[in-house]
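The primary structure of each chain is shown beneath.
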Amino acid sequence: MPIFLLVVAAATAVARGSLLCPATCTATVDGSSWPCRYYQNDCKVNITSLDPSRVVDLNVAVINPYVGGLGDLMSQVEPAIAMAVQDIEDSSFLPGYRLNAHLADSKCSVPEATRAAVAAMTTGVTKHVVLSDSCSAACEAVNDALRHFNVLQVGPGCISVSLSDSERYPYFTRMAPSFRFNVISLYDLFRYLGFHRVGTIYGYRSINNLAKDLFIEMMASDNAAGNYSWTHLYSHRVEFIEDATAAVEKAASKDSRINFVALYEAEGSMLLCQAYKKNLLTPDFNWFVAAGWWNQNYILLNANTANSPCTADELHRASYGIIASDRGPMLNTPQFHSLSGRRLDDLYSEYTNECESFANGNGVCNYQWAGYFYDGMWLIASVLHSFLINQNRSINEFGTEQSVQSLNALSEQVDFNGQTGRVRQFNAVNPKTTPPSYGDRDGIVLLRQATGPPESAFVHLAFRTEDGLDFKTSIKWSSTELTKMVACSGATCDFANGWVPSDRTDACPAGQVWSLQEGCLPCSPGHFASLGMSQCEACAPGRFSSTDGAAACSPCTPGTFAMVQRSSNCHDCPEGTYSESVEATQCRRCPIGTYAPSKGLQQCTSCPQDRETAFEGATSEDMCVCSFGQRLEGGSCILCDVTEICDGSRVIGHRPNNQQWLTTLDVAGSQRALSQMIAKEFFLIALKIEKDDQQLNSVMSLFSSRLTAMMNGDEGLNIIAAPDQAVTAALGLVMDVWVLLKPVLVDQTSKMLNAADLDITTAGQVAEQTTALRTASQGVVDALTDAASSAGAHLNGLLVDIAGRQRMLIQELCKDALIVALGASVVTTKASLQRVATLFETTHDSLIFGITAVGIPELRKVCSMHQMQEVSYYYRQVRPYLREITNGRTSVESSMIAVRVAPSINSLTTPLFQAMGAAVRLFVNDTGTCEALGTISESELMALTNGSWVESGDSQMGIRRRKHAIRNDSLQF
């Protein structure tokens, strides 16, 4: 609201007849209400002994809170104001003038302070100076209002640094050093006690936030300059009880044992109550309060309230040992006040008697504030004396811009020893602070420690002046452990024989390790830390930890296994396998004659009598069959007819024809390619090239279904069952590798899709296991080729095998490129990549030109030749990328290249694989029904007839003759 509207509102309120001070006050030990001292005197402080020579009134508006964030402060300091006006009355200051004090309630709020200021200036007697306020926000509001009245403002208790800005807040003189000295005092104490790890908690008021910012700025400055090392752990704002709970939890999680707190007593009590409930208590966890100016009886005032639901005893326990910085107290020493001439200890005693006598002896004194009101009244008297007496100015000049400028200039020249130490302003005097603090006041900052009873919690611990710390008593950290203290006196403390709390835990509990910034951190699943370990270690294969903070890894129980380290759980042994021991790293296949029908078994079940499994790793009783070449009839195993093929105790077909042999051999060869395609799809997910596991699942499913088809036969797919024991054993080896690899792939893929990165160790294991799967699949091809030959089949098994192998090599090229991109075994994998590329190229030419010595004929059929041209085309697109990876000068360079080109290689190997698959089918059965001659160019024919990777060869005339001969089916090779 604009100031002029506030003026109108205030004047209207006063016109309705309300006095500016309250009728009842609560400056009592138990917070009970009693009639205020001066309400019946129209809010004017009585002068009990009048000097008749003083005939002209000088009126001071004393605007401060009776209620609000500081409680009933005004009633607590009224005796000091009364003492000051009486002492001025009795002095030689201001001859002929009487200094009066008129009281008004600011309620420690901006709108109420503005209203009180405007009302004080527009009603009643003329006010010449204003003594206000004790709440910084209210101080600022009063200053804004007083601009319209040209009146000097003296702030008895406002400590906001912003008030030092004379352009924004003109004609303001502070009595209390700004809160920066409260912060500096704790900063000095922290360094003196050797604290380095600190958390910060602050309130919602701007002064709380500024205090926190100043402390953080000072820590950052030390760190930048290398003067002192600080670790700032966290910063948390507190306004509501939920904030206090979160702040305490944050301190606990960060192991923040030293905490800088910038809160008023209401929010501070809220915080301490939550600390009690969470058992974050001194001497282990310590709280240091800056800019808080808490009342002596804050425990009784705040206990058992909605925001502080703790008893007085609980809040007292949580408070014990906290240290608070505050404005220096009313001094109780034999020195003399420079202006009043009275002894400071006499003033202290008189104030004590007067404040305690309130409410029938139930009154509360406030030594942190009272002295500033006494000295503030004397500063005003001194300034007015200089203006009116020394400068012989007229009272009629008050209220003008010239007069307030003069009064402000005179206030900056005041320098006396008062009830609160040396009173002078840092406007004309260089401050002894870094950075300099002009517009501030030289004085004392008091460090108080809560070691007293609930009704008077704080004792004076130390004074902080420009000369350093002056301890008045020892530092006590515990009410029960009396040895946890430091004997201090004057400028020194006996650290050699004392105890100072640590800013960190002595040792993290088992399952956690130390972090300077975070405190004790729990080990993540798959890791552990025993007591005293400095870092978490991975669980070994065969062991696991499934939760955060494991002190040790648990062994896998029988029936489960963990193949890799860092396992967060053990996998059940798949069907067909078992584990009878603890800490298994893999499961064993069920021996021949046994089976495991479900997961997680510790032993296998024996087959019924006279039957056995044909391979290790059987998963059901149905796999318990008669010996090979026998069938089950009438409960007995009998020999099959020579024309029958028997397996699994039944006739599964008859001797296969050539086409069935070729199809089965082609499927067996494709399993080699699928084994590498599985690895490729897995690594594509690891590199984030593929975003889901749909393609990987599809390839794995195809591999599994084809493996089953080759074991049992599939008439629909024209696949024969394993024709002999050698093929059966080879398929069993494939199954052996596959049942162990598959769950690892599923588990690791799930983790990668949930944002986890693939570690190098697991990448190497997957590469190794898929290579083993490819080798086992090649064994099936070899066994099938031998079986076909033994059965008298008329086919070129070697040709189909080699042609089919090209599909596998295509997938292996892509897999190796992806492994290099992951940075796993780069040197070895680059060598493999180069070897596989060379083998693919050599084999490609051999398929075209033939190798007579091993029975591979020269390519004669046009459709097959055309299809091989398509293979050549796609491979030429892939080849530069492969060479770029293998030509990398270092492993890092090759990995970076592989990351860049991996998407291109992946997209190109798909059509290359498809083209090679079509070529394999033509090698099996080329009917000659294709449109090769209409699309093949002379250059393509030259490449095919002179070597796939040769760029020049026959003359153009020779190529034309070959093409013409092909058209007329007369080309001879």
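Just so you know, these numbers come straight off a predicted model, no measurement behind them.

### Points about the overall build of the protein chain
On a plain count of helices and strands, the protein chain comes out with 24 helices and 40 strands. In terms of C-alpha radius of gyration, the protein chain reaches 47 Å, well past the compact-globule figure of 30 Å for 973 residues. C-alpha atoms of the protein chain, sized along the principal axes, occupy 145 × 75 × 60 Å. A total of 973 residues make up the protein chain; the buried ones form 54% of that total. Partitioning the contacts of the protein chain with sequence separation of at least 6, the portion at a separation of at least 24 is 64%.

### Some details on the pattern of salt bridges
Within this structure, the stated rule accounts for 40 salt bridges. A salt bridge links D326 to R448; the shortest N-O distance between them is 3.3 Å. Residue D326 is found in strand β12 (residues 323-327), and its partner R448 is found in strand β16 (residues 445-450); the two are separated by 122 residues along the sequence. Exposure class is identical for D326 and R448. Each is buried. The partner of D759 in a salt bridge is R566, and the shortest N-O contact between them spans 3.2 Å. Here R566 lies in the loop between β29 (560-561) and β30 (571-572) and D759 lies in the loop between α16 (725-753) and α17 (760-790), a separation of 193 residues in the sequence. In this structure D759 comes out as partly exposed when scored by relative accessible area, which is 24%.

### A word on the environment of D724
Within the secondary structure, D724 sits in the loop between α15 (694-712) and α16. Along the sequence, D724 and F628 sit 96 residues apart, while their C-alpha atoms lie 7.5 Å from each other. Within the local environment of D724, its side chain forms a polar contact with the backbone nitrogen of A726, the two atoms lying 3.2 Å apart.

### Thoughts on helix α14 (residues 658-686)
Taking 1.5 Å per residue as the helical rise, α14 with its 29 residues ought to reach 42 Å, and the 42 Å between its terminal C-alpha atoms agrees with that figure. In terms of burial, α14 is largely enclosed, as 26 of its 29 residues are buried. Residue K688 follows α14 closely and has a positive phi angle near 65 degrees.

### Topic: the sheet that holds strand β13 (residues 415-418)
Across the sheet, which stays open at both edges, the three strands sit in the order β13-β14-β15 with antiparallel pairing between neighbours. In the strand order of this sheet, the two ends are held by β13 and β15 (441-442), each with one partner. Where strand β14 (residues 421-425) meets β15, two bridges bridge the pair, whose relative direction is antiparallel. Note on β15: the bridge partner recorded for Q425 is R441. Strand contacts of helix α12 (residues 367-390): β13, β14 and β15, with the helix running at about 145 degrees to β13, the strand carrying the most contacts.

### Side note on the state of the cysteines
Tallying each qualifying case throughout the model produces 14 disulfides. Each disulfide pairs two cysteine sulfurs, and for C488 the partner residue is C493, the sulfurs being separated by 2.0 Å. Across the disulfide from C488 to C493, rotation about the S-S bond amounts to roughly 110 degrees, and the bridge is consequently right-handed. There is no split in this pair, since C488 and C493 are both buried. One disulfide in the model links C539 with C553; its S-S distance is 2.0 Å. One quick way to see it: the torsion about the S-S bond of C539 and C553 is about -80 degrees, and its sign makes the bridge left-handed. With C539 in the loop between β26 (537-538) and β27 (543-544) and C553 in the loop between β27 and β28 (554-555), this pair connects stretches of sequence that are 14 residues apart. As far as the burial class goes, C539 and C553 line up, both buried.

### Considerations on the packing of α16 against α17
Packing of α16 against α17 brings their axes to within 9 Å, and their N-to-C directions diverge by 160 degrees. Relative to α17, α16 is oriented roughly antiparallel. α17 is crossed by α16, and the crossing has left-handed handedness.

### Structural notes on the side chain of D326
Overall, the relative accessible area of 1% leaves D326 in the buried class. In contact with D326, not counting residues within four places along its chain, are N182, W293, W294, Q368, V445, L446 and R448.

Procedures and definitions
The residue count restarts for each chain, going from 1 along the sequence in the order it is written. Given that this is a predicted model, residues contribute local features only at a pLDDT of at least 70 and side-chain atom pairs are listed and counted only at 80 or more, while totals for whole chains, interfaces and linings are drawn from all residues. Based on all heavy atoms of the structure, the side-chain values leave hydrogens and waters out of the count. Runs of E in the DSSP output that reach at least two residues are strands. Runs of H or I that reach at least four are helices, and both are numbered from the N terminus. Values of the radius of gyration come from C-alpha atoms, whereas the globule rule sets the reference at 2.2 Å times the count of residues to the power 0.38. Exposure classes here rest on a 1.4 Å probe applied to the protein chains alone. A residue is buried below 20% of its type maximum, exposed above 50%, and partly exposed in between. Should any heavy atoms of two residues lie within 4.5 Å, those residues are considered in contact. Here, a salt bridge means any Lys or Arg side-chain nitrogen found within 4 Å of an Asp or Glu carboxyl oxygen. Polar contacts, as counted here, are pairs of nitrogen or oxygen atoms within 3.5 Å of one another; within protein the pair requires one atom able to donate a hydrogen and one able to accept it, and residues that are adjacent in sequence qualify only if both atoms are side-chain atoms. Given the number of residues in a helix, its expected span is that number minus one, multiplied by 1.5 Å. Strands qualify as paired when DSSP identifies two bridges or more between them. Orientation is described by axes fitted as lines to C-alpha atoms, over the contacting stretch for helices, and by angles from 0 to 180 degrees between their N-to-C directions. Counting rule for disulfides: a pair of cysteine sulfur atoms within 2.5 Å. Put simply, angles under 35 degrees are roughly parallel, angles over 145 are roughly antiparallel, angles from 65 to 115 are roughly perpendicular, and the rest are oblique. Note: crossing handedness is left-handed where the near helix turns anticlockwise from the far helix by less than a right angle, and right-handed where it turns clockwise.

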